[in-house]
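Single-letter residue listing:
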Amino acid sequence: MPFGIEALDARLAAGGLRLDALHEIAPATPSLADDACATLLMAGIAARAWGPILWVVHRRDLFAPGLYQAGLSPERVIYAEARDDAELLALMEEGIRHRGLGAVLGEAKRAAMGSTRRLQLAAEGGRTIALLMKRHAREGGDPLAVPSAAITRWRVAAAPSAPLPTRGLAGGIGRARWHLSLARQRGGDPFDLIVEAVDETGRLALPAALVDRPRRQVGAAHATAA
């Protein structure tokens, strides 16, 4: 599943997100803003998958209108509520093995290497993309510190938005921007990129200020140590 952004897809080993794989997404900080960015990124990816979507949660706190604005229609989503991380991961594995779902999503604070390996093995050979959001277990902790079998591991954070051109007005806020960081990928290098948030079709975009710049300059401007 390519993102449709050359500066992003060209740096992914698979040219996009593998459908038969587990991918992890973590908010860069415990803030509600970064948590929302991670949730919307997952929703945007799921929106572009085929078929129905299974989303496993601990609490019924997902805001359906917000997911709809990221391209994920409510009628496509099946929700399952888990008591704890262990049950959540088990439900995700069962959903992936079903082979009748376009995407399986879950949100956990703890997922050991063995659990993520089971999810990855369940996904291999199919077309059900698995997305696991790693929440912050405590202030200052790194959700991606624990080893994982995920093919890609991402961090996302809110970034300053560009002001809209105005006619004599002081205000004006452009499309939300995210700092997207690929912390690890199998067969490729980590990288950072500033992108515009997912739209109503679930797609990211490259900020206009970067579109006209050569790819080498874009990479140099945003590449940082993972």
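Rules used in this analysis
Residues numbered from 1 in each chain as written. Predicted model: local features only at pLDDT ≥ 70, side-chain atom pairs only at ≥ 80, totals over all residues. Heavy atoms only, no water. Core = buried A, V, L, I, M, F, W, Y, C linked by side-chain atoms within 4.5 Å. Buried < 20%, exposed > 50% of the residue type's maximum accessible area, 1.4 Å probe, protein only. Helix = DSSP H or I, 4+ residues; strand = E, 2+ residues; numbered from the N terminus. Contact = heavy atoms within 4.5 Å. Salt bridge = Lys/Arg side-chain N within 4 Å of Asp/Glu carboxyl O.

Draft legend 1. Highlighting the nonpolar core. Leu8, Trp55, Leu72, Trp154, Trp178 and Leu204 are the most contacted members of the largest nonpolar core, which totals 41 residues. Where this core is concerned, the elements lending two or more residues are helix 1 (6-9), helix 2 (32-47), strand 2 (53-57), strand 4 (103-108), strand 5 (129-134), strand 6 (152-159), strand 7 (177-185) and strand 8 (191-196). By residue number, the principal contributor to this core is helix 2, which donates eight residues. Residue contacts for Leu72: discarding those within four places in its chain leaves Ala43, Ala46, Ala47, Ile53, Trp55, Leu67 and Val77. Within the second largest apolar cluster, 19 residues are counted, among which are Val56, Ala80, Leu101 and Ala150.

Draft legend 2. Here's a closer look at the pattern of salt bridges. Counted by the stated rule, this structure contains twelve salt bridges. Note that Arg118 is salt-bridged to Glu93, the shortest N-O span being 2.8 Å. Taken together, the residues span a long stretch of sequence, with Arg118 in helix 5 (residues 113-123) and Glu93 in helix 4 (residues 85-98) at a distance of 25 residues. Residue classification places Glu93 among the buried residues on the basis of a relative accessible area of 11%. Taking the shortest distance from any N to any O, the salt bridge between Arg135 and Glu107 comes out at 2.7 Å. Placement of the pair is Arg135 in the loop between strand 5 and strand 6 and Glu107 in strand 4, with a sequence separation of 28 residues. With relative accessibility at 15%, the residue Arg135 sits in the buried group. A relative accessible area of 4% places Glu107 in the buried class. One salt-bridge network, in which partners are shared between bridges, spans Glu24, Lys134 and Arg153.

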